[in-house]
Protein chains: 4
Amino acid sequence: MSNTLGNRLRLHTWGESHGPRVGGVIDGFPAGITIDIQRVQSFCDRRKPGQSSITTPRKESDIICIDSGIFESKSTGTPLAFHFDNENTKSSDYDALKDVFRPGHADSTYQTKYGFRDHRGGGRSSARETANWVAAGALASHIVPGIEVRAYVEEIGGITIPSGAINFPDYDAVENSILRCPHAETELKMLRLLEEVRQTGDSLGGVITCKVKGVPAGLGDPVFSKLHAEIGKAMLSINAVKGFEYGAGFQAARLRGSEHNDLFDSDGRLIENRGGGILGGISNAEDITFRVAFKPVASISVPQNMQTKSGGGTELSVKGRHDPCVVPRAVPIVEALTYFVLADAYLGL
Amino acid sequence: MSNTLGNRLRLHTWGESHGPRVGGVIDGFPAGITIDIQRVQSFCDRRKPGQSSITTPRKESDIICIDSGIFESKSTGTPLAFHFDNENTKSSDYDALKDVFRPGHADSTYQTKYGFRDHRGGGRSSARETANWVAAGALASHIVPGIEVRAYVEEIGGITIPSGAINFPDYDAVENSILRCPHAETELKMLRLLEEVRQTGDSLGGVITCKVKGVPAGLGDPVFSKLHAEIGKAMLSINAVKGFEYGAGFQAARLRGSEHNDLFDSDGRLIENRGGGILGGISNAEDITFRVAFKPVASISVPQNMQTKSGGGTELSVKGRHDPCVVPRAVPIVEALTYFVLADAYLGL
Amino acid sequence: MSNTLGNRLRLHTWGESHGPRVGGVIDGFPAGITIDIQRVQSFCDRRKPGQSSITTPRKESDIICIDSGIFESKSTGTPLAFHFDNENTKSSDYDALKDVFRPGHADSTYQTKYGFRDHRGGGRSSARETANWVAAGALASHIVPGIEVRAYVEEIGGITIPSGAINFPDYDAVENSILRCPHAETELKMLRLLEEVRQTGDSLGGVITCKVKGVPAGLGDPVFSKLHAEIGKAMLSINAVKGFEYGAGFQAARLRGSEHNDLFDSDGRLIENRGGGILGGISNAEDITFRVAFKPVASISVPQNMQTKSGGGTELSVKGRHDPCVVPRAVPIVEALTYFVLADAYLGL
Amino acid sequence: MSNTLGNRLRLHTWGESHGPRVGGVIDGFPAGITIDIQRVQSFCDRRKPGQSSITTPRKESDIICIDSGIFESKSTGTPLAFHFDNENTKSSDYDALKDVFRPGHADSTYQTKYGFRDHRGGGRSSARETANWVAAGALASHIVPGIEVRAYVEEIGGITIPSGAINFPDYDAVENSILRCPHAETELKMLRLLEEVRQTGDSLGGVITCKVKGVPAGLGDPVFSKLHAEIGKAMLSINAVKGFEYGAGFQAARLRGSEHNDLFDSDGRLIENRGGGILGGISNAEDITFRVAFKPVASISVPQNMQTKSGGGTELSVKGRHDPCVVPRAVPIVEALTYFVLADAYLGL
């Protein structure tokens, strides 16, 4: 099921970065839901490259085209198919890479697994695929109208928003920030570091925090579809993600049980929320909170030794148009996948 | 698919902690593989309670019973079913909990989701379920005989093995340690802290590191069955797990691309292994490395305020026989799930 | 998914005819449904051998044992596991068959596929497996209490109930008949033929008709889970089934459109029901009707030429205790699978 | 899984007859297979309407467009997506049907299930969907190059090829026949009847026989993925199909065991093939044979009483451009689905 996400709501995706188009099919989408296609397009616009000085200058219009499943603005209960045309795909940028494997990329593993690969721009392993995910998440968000998902950049290159400084930021506070970091002082430091790193042709990683409010109790299923396990799996599917934690996360390992247990107040609400909104794999109506770690992108223009197919080495810098830090552009991806996983779980209520 | 793990190799589990037995069915197991049932039993023995002074005194013999799929010591290609009888289940220990929800447990979320629950010992949400996982992983390990999985306790209650002190420890170095921590000095500190915590009736969390050698290249599938995403999902299914990272993990977020990229040497091998043995979701024949964070167990005898079904609060301590720290007993669980996920991926080669 | 039936409600079965036991796990069973275990046992009793002079004298008590998923007589929403102990398994009856392949049996194909087989009584390919299906269907029938499924023997060895003689027979009219044929005159002729055939050591096939009333509209899903396709697939899973048709079936191929189309009356009900209760794969609240063809059982005591593993031939008669005609015993199997498929579809309403 | 066919090889389809396009995604397609796209197009051409005087005059060019998964003429192991543009969709033909339900169509059941439907030309329930199936089957046929599938029209409106007159006809013998009936004398009679029926605005059903040679032993899986059950389910997914039988089929019910059992000759081959090439759900390397029954199409221009959404009745004839008999055009559909199911099973060898 390697190109399918979800159980009740299932997204099947397809497409290579330098083929004619990429797209997806959502099966299991309930009938009769009014779809705001402008809202879907806006969500997609947040992901596309070329939006600011810190991202790749590569431009794609990324207009979503709905192919089936919506009739007179409402979902029909049949598969909801969509696609994006690929444009401006400079395949010639990749000619030099036909016979070499870039460090930190899937080039060598695809070649080994399939004995063969589309070497242009990563082919199927390209982050171009995430356009499909954002579209799918935006569509899925219509299934769970009361749920609000908010992701933001908490850390880039070791520079972090001070603990406790941000709770549940407004949409605008995130989107008005060029780095999608809703803490202005921190963002300024990050921008300075990014500028420095860009000049050396290098790249930076970071951490995205995601919070969800309006979650009904009862989402998620024991034993192998625990809500946090499904969210974690989706996050670990994003290119460059190296870690996932929810609630108190790795910090929980350093607390005692009496410190970590969330107690109920007299109204049956939790006093604190170290559990991250999920108990035994099932949502408890508290806010869901989790964090996702991204490695620095592997495509850098610093010259590096690369392996050739024939076995020897060669020094090359990766050409093409790449972001020094993809973490800000990953914010809508994190949000979209979260909407999709929650909508999938919601259909099991 | 909430009680099913795996795609090509599928484990379906069932059972409640205080029902007559728990068990599982493995479908997709290849025919003709000789099964060493003693080795399976030994793996199961490593998980069972009552093995040392630091674990619960609750004793279970946990003898695996194979019900189908093996004939004359070889797998037949048909479903491999097994079960463990539950014994010594003191249901009366839980009578006080029938109408209250313990903090940090799935009691309240199960009640909300199903409108009804088996309150005895957590029912389906009990860690008793992990007996099935260890059996399944031990059986699955026969599919990938060249692969060696080694997990160990790296951190308990904030006490950590010094960085770089342990590489790939011997099986005996882990198993001869009462805490499954192969660094004697660190283990001693952990034991002292545990003793102190036990006397207060409290509990501790920790971190398990897992390393895998002998992995062939090509395991794992793009896009939504990336090898690390499948491992991560399995780990996040373990009770009390709050975080997962692989390779450089959350630390990768603080490196630059030129620091993080693993370069090839002249033999086409990686010089370092920050990628954790997986590139683009597919194994590259390097060692796989990952870390799993556990919260402190929620069942503590420190009295806590609990919510009752009728909505009010009551102060109770959780009776029953519980471990002050379950992390050492989780080591074979981590290993078994890893074997299972790798065997599942191996069948796709 | 070769040992799994169903999509939302999933039955995973296991077990060989001469292993210690056979059983199944039902996942996706809704919580809070009161289970009448006596009714489940009664359903299972209808399938078991040794009930009358025309079936095999082999006796099995076939007491269902529920292992999980029911607490205080109600389903808990967790997997519902059950098993039957195998008893009285005379493996020695099959020693002569270790190295020969019986005609019309799965012996040779299992050996080819798996390179290895449990030769005792058919192993996994034995009709012993159908005990699991009857249990699962009986349990699933609790999900759709308003639906009544009635199957009966319409034809044995070419002797057929006269057209139009039977509409929707009472449960007793079927069960009081030794051949589960609710038309006394026809049954008498069938019994005479069966007696004649038994004396020659031969066997007979037949046809079962199944009718369902109380079906709500809307069961079934386009495109590849059409209700009749799911029912058909389940029927074709029964050992010895060679054909399936619904509504007017093969006869529909000989009608004109103006003859076959079911017209609506002034109340919006269909005047006739040639469609068999399903239109476009979705139930329309009319009675569902279908027919299932069974070949004569392959195990006969007439001596036959058999192939040996080494390639040569040998003349043998199949020993063991077999029915001259299994069709009457297949009636509860057809009903149980129908309940299961309908309950699966019902959960998608 | 209602829009997905297959287990290891999975086809996900989408599209409505009067939307912009229809298409599909094949996941699990092995890497490195050279695809002959002309052969795929030719297969699709055989299904499209407007090919002869006996089919609908509606014309569609039906040029397949490959969107992903093929690079330099070879499959890459990633999802193989394709689509067909819809053209010449006269939606206005269907305006009269917006508020009425045609007899024998899915109109009323879709409306009931989804509370809403795309009424233009059947929407998702249209046979337009079968274009996707033919494309998928043609692509899948590249996975099993040694297998030859041949379907042909055996019966229309009760006129049947004489028993034993046709064994395994040549491709040309079928394709050169306007009715895809390789027996000239029978075809002539069928054509005369069709002409007569067309003049009355009525329609005819029929039976397709399908034979497969070159099948390796070992395809198919016990217990619920028996090869004939998977083929049967696929056939029952075709619009208008009412029955499926394999091997001796419904006739088997009238034979004795000693007559039906296929005996082995001294070379280990079967002397006859009443089993239809499948034993215990697994292929035995003999030719696979099965038959599929089609009802007469429901869209006829004979005026019929139809139900309106508001509940009353109205007399209408179904306008639009319809075939008096779709059975000849279903021949490539039967073949394509058979290739797909066999390729799916083949990947499990």
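What counts, and at which threshold
Residues numbered from 1 in each chain as written. Chains lettered and ligands numbered in written order. Predicted model: local features only at pLDDT ≥ 70, side-chain atom pairs only at ≥ 80, totals over all residues. Heavy atoms only, no water. Least-squares fit on C-alpha atoms with pLDDT ≥ 70 in both. Contact = heavy atoms within 4.5 Å. Helix = DSSP H or I, 4+ residues; strand = E, 2+ residues; numbered from the N terminus. Disulfide = S-S within 2.5 Å. Axes fitted to C-alpha atoms, helices over the stretch in contact; angles between N-to-C directions. Left-handed = near helix turned anticlockwise from the far one by under 90°. Nonpolar A, V, L, I, M, F, W, Y, C, P; charged D, E, K, R; others polar. Phe/Tyr/Trp six-rings, centres within 6.5 Å; stacked < 30°, edge-to-face > 60°. Buried < 20%, exposed > 50% of the residue type's maximum accessible area, 1.4 Å probe, protein only. Buried area = accessible area lost by both parts, 1.4 Å probe. Salt bridge = Lys/Arg side-chain N within 4 Å of Asp/Glu carboxyl O. Polar contact = N/O pair within 3.5 Å; in protein donor to acceptor, adjacent residues only side chain to side chain. Pairing = 2+ DSSP bridges.

A. How the structure looks around the relation of the copies chain B and chain C. Between chain B and chain C, the superposition needs a rotation of 180° and an axial shift of 0.0 Å, giving an RMSD of 0.0 Å. With respect to symmetry, the two chain copies, as superposed, fit the operation of a two-fold axis. No C-alpha of chain B approaches the rotation axis more nearly than that of B:His12, which lies at 3.8 Å. The overlap is high: 100% of the interface residues of chain B also sit at the interface in chain C, so the same surface is used on both sides.

B. Representation of unusual backbone geometry in the model. Residues B:Pro222 and B:Val223 are joined by a peptide bond in cis, for which omega reads 0°. Along the chain, the position of B:Val223 falls in the loop between strand E11 (206-213) and helix H6 (227-236). Of note in this structure, A:Ala240 is not a glycine but carries a positive phi near 80°. Tracing the sequence through the fold places A:Ala240 in the loop between helix H6 (227-236) and strand E12 (241-246).

C. The state of the cysteines, seen in detail. Under the definition given, this model contains 0 disulfides over all chains. In this structure B:Cys65 is a free cysteine whose sulfur lies 12 Å from that of B:Cys44, the closest cysteine sulfur available.

D. Highlighting the relation of the copies chain B and chain A. Least-squares fitting of chain B to chain A yields an RMSD of 0.0 Å, with the superposition described by an axial translation of 0.0 Å and a rotation of 180°. Of the residues that chain B buries at the interface, 98% are likewise interface residues in chain A, meaning the two copies contact each other through the same surface.

E. A look at the packing of helix H1 (residues 37-47) of chain C against helix H3 (residues 130-140) of chain C. Residue and element names in this part refer to chain C. The interhelical angle for the contact between H1 and H3, taken along N-to-C directions, is 150°, at an axis separation of 9 Å. Every pair of crossing elements has a handedness; the one defined by H1 and H3 is right-handed. Mapping the contact onto sequence places Val40, Phe43, Cys44 and Arg47 in H1 and Thr130, Ala131, Val134, Ala135, Ala138 and Leu139 in H3. The residue makeup of the contact of H1 with H3, split by class, is 8 nonpolar, 1 polar and 1 charged.

F. Structural detail: the packing of aromatic side chains. In the structure shown here, the tally under the stated rule is 22 aromatic pairs over all chains. When the ring of C:Phe250 is compared with that of D:Phe250, the centres are 5.9 Å apart and the planes differ by 65°; the resulting orientation is edge-to-face. Linking C:Phe250 in helix H7 (residues 249-252) with D:Phe250 in the loop between strand E12 (241-246) and helix H7 (257-260), this pair reaches from one chain into another. In this structure C:Phe250 comes out as buried when scored by relative accessible area, which is 13%.

G. Highlighting the interface of chain B and chain A. With 96 residues of chain B at the interface, the matching set in chain A holds 94 residues. In this assembly, chain B packs against chain A so that about 7,500 Å² is buried in total across both faces, 59% of it on carbon and sulfur atoms. Along the contact surface separating chain B from chain A lie 7 salt bridges. Residues A:Arg256 and B:Glu196 are paired through a salt bridge, measuring 3.6 Å at the closest nitrogen-oxygen approach. Linking chain B with chain A are 34 residue pairs in polar contact (both at pLDDT 80 or more), by the criterion used here. Its residues assigned to classes, the side of chain B that touches chain A shows 37 nonpolar, 41 polar and 18 charged.

H. Looking closely at the pattern of salt bridges. Per the stated rule, a full pass over the model turns up 75 salt bridges over all chains. When the shortest N-O distance is used, the salt bridge between A:Asp67 and D:Arg21 registers 2.3 Å. Of this pair, A:Asp67 sits in strand E4 (residues 65-68) while D:Arg21 is found in strand E3 (residues 21-27), placing the two residues in two different chains. Per residue, the accessibility class of A:Asp67 equals that of D:Arg21, and both read buried.

I. Main features of the environment of A:Arg120. With respect to the helices and strands, A:Arg120 occurs in the loop between helix H2 (107-114) and helix H3 (130-140). As for A:Arg120 and A:Ala96, which are separated by 24 residues in sequence, their C-alpha atoms are 9.9 Å apart.

J. A look at the sheet that holds strand E10 (residues 159-160) of chain C. In spatial order, the strands read E10(C)-E9(C)-E11(C)-E15(C)-E12(C)-E12(D)-E15(D)-E11(D)-E9(D)-E10(D); together these 10 strands make up an open sheet with antiparallel pairing. The open sheet has two free edges, formed respectively by E10 of chain C together with strand E10 (159-160) of chain D, since each of these has just one partner strand. The sheet contacts of helix H6 (residues 227-236) of chain C involve strand E12 (241-246) and strand E15 (288-294) of chain C together with E12 of chain D, and relative to E12(C) the element is tilted by about 160°. Here helix H8 (residues 327-346) of chain D sits on the sheet in contact with strand E9 (148-156), strand E11 (206-213) and strand E15 (288-294) of chain D, set at roughly 145° to E9(D).

K. Summary view of the sheet that holds strand E4 (residues 65-68) of chain B. All names here are of chain B. Strand order in the open sheet made by the 5 strands is E1-E2-E3-E7-E4, with antiparallel pairing throughout. Strands with a single pairing partner mark the edges of an open sheet, and in this sheet they are strand E1 (4-5) and E4. Where strand E3 (residues 21-27) and strand E7 (residues 80-85) come together, 6 bridges link them in antiparallel fashion. Looking at the pairing, Val22 lines up with Phe84 of E7.

L. Examining the interface of chain B and chain C more closely. On the side of chain C, 38 residues touch chain B, which itself brings 38 residues to the contact. When the area that chain B buries against chain C is broken down by residue, the three leading residues are B:Trp14, B:Phe71 and B:Phe116, summing to 22%. Applying the counting rule to chain B against chain C returns 2 salt bridges. For the side of chain B that touches chain C, the secondary structure elements donating two or more residues are strand E2 (10-15), E3, E4, strand E6 (74-75) and E7 of chain B. In terms of residues, the side of chain B that touches chain C owes the most to one element, E2(B), which gives 5 residues. Among the residues making up the side of chain B that touches chain C, the classes are represented as 12 nonpolar, 14 polar and 12 charged.

M. Inspection of the side chain of D:Arg124 at higher detail. As for its placement among the helices and strands, D:Arg124 is situated in the loop between helix H2 (107-114) and helix H3 (130-140). Taking the relative accessible area as the measure of exposure, D:Arg124 reaches 3% and is therefore buried. The contacts of D:Arg124, once residues within four sequence positions are left out, are A:Thr78, A:Pro79, C:Val223, D:Asn3, D:Thr13, D:Trp14, D:Gly15, D:Glu16, D:Tyr110 and D:Glu129.

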